[in-house]
Amino acid sequence: MPEIVIDTNVIVAGLRSSRGSAFRLLQLIGTGIFDIHLSVPLVLEYEEVLLRELINLSITRADIGDLLDFYCSVATHHQIFFLWRPYLRDPKDDMILELAVKARCDSIVTYNTRDFVGVDRFGLKTLKPMEFLQSIGA
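Quick look at the packing of aromatic side chains now. The tally for this structure, following the rule as stated, stands at two aromatic pairs. For the pair phenylalanine 34 and phenylalanine 132, a centre-to-centre distance of 5.3 Å together with 85° between the ring planes defines the contact as edge-to-face. Taken together, the residues phenylalanine 34 in the loop between helix H2 (21-28) and strand S2 (35-38) and phenylalanine 132 in helix H6 (residues 129-135) connect sequence positions 98 residues apart. We note that phenylalanine 34, like phenylalanine 132, is buried. When the centroid spacing of 6.1 Å and the interplanar angle of 55° are considered together, the rings of phenylalanine 70 and tyrosine 71 count as tilted. Judged by relative accessible area, which is 3%, tyrosine 71 ranks as buried.

Spelled out as structure tokens, the structure:
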């Protein structure tokens, strides 16, 4: 089963539009087709960005809480005890890389694949949502 970390930009895109591959990916979370991995810092980032973007989303503050609760209920949780920072240009991307390595994920699903140049050194792929969906036949 594919093991992934989902970048925040994919969550935001999926909640902005129900027509794209990000939305389809979000619909499949918790179905057993793939596993997602989370850390406390990543959940906090999801929450911060979603609350900031709330005006652009067709959901409520309570919906964000429910969504994050659901993700936490179906994800595998990790504590990160090692830091390689800085490895990538953005410290928040480093946080995602560290989680993906700790969780022994196959891929990081993101729209910003160029921000993760060099993660192949850790045995990781970066895939856009559509590429990931195609790779699992969904």
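Here we come to the nonpolar core. Judged by nonpolar contacts, the single largest core of 43 residues is most densely connected at Ile6 and Tyr71. With near-sequence residues (within four places) excluded, isoleucine 6 lies in contact with Ile11, Leu25, Ile29, Ile36, Leu42, Tyr46 and Val109.

With burial as the criterion, each face of strand S1 (residues 3-6) is covered, one bearing Glu3 and Val5 and the other bearing Ile4 and Ile6. Looking at chain direction, S1 and S2 are connected through two bridges and run parallel. Across the sheet, glutamate 3 pairs through a bridge with aspartate 35, a residue of S2. Looking at chain direction, S1 and strand S4 (residues 107-109) are connected through three bridges and run parallel. If you follow isoleucine 4 over to S4, its bridge partner there is serine 107.

Reading guide: rules and limits
Residues numbered from 1 in each chain as written. Predicted model: local features only at pLDDT ≥ 70, side-chain atom pairs only at ≥ 80, totals over all residues. Heavy atoms only, no water. Phe/Tyr/Trp six-rings, centres within 6.5 Å; stacked < 30°, edge-to-face > 60°. Helix = DSSP H or I, 4+ residues; strand = E, 2+ residues; numbered from the N terminus. Buried < 20%, exposed > 50% of the residue type's maximum accessible area, 1.4 Å probe, protein only. Core = buried A, V, L, I, M, F, W, Y, C linked by side-chain atoms within 4.5 Å. Contact = heavy atoms within 4.5 Å. Pairing = 2+ DSSP bridges.

Any link to function would need more than the numbers given here.
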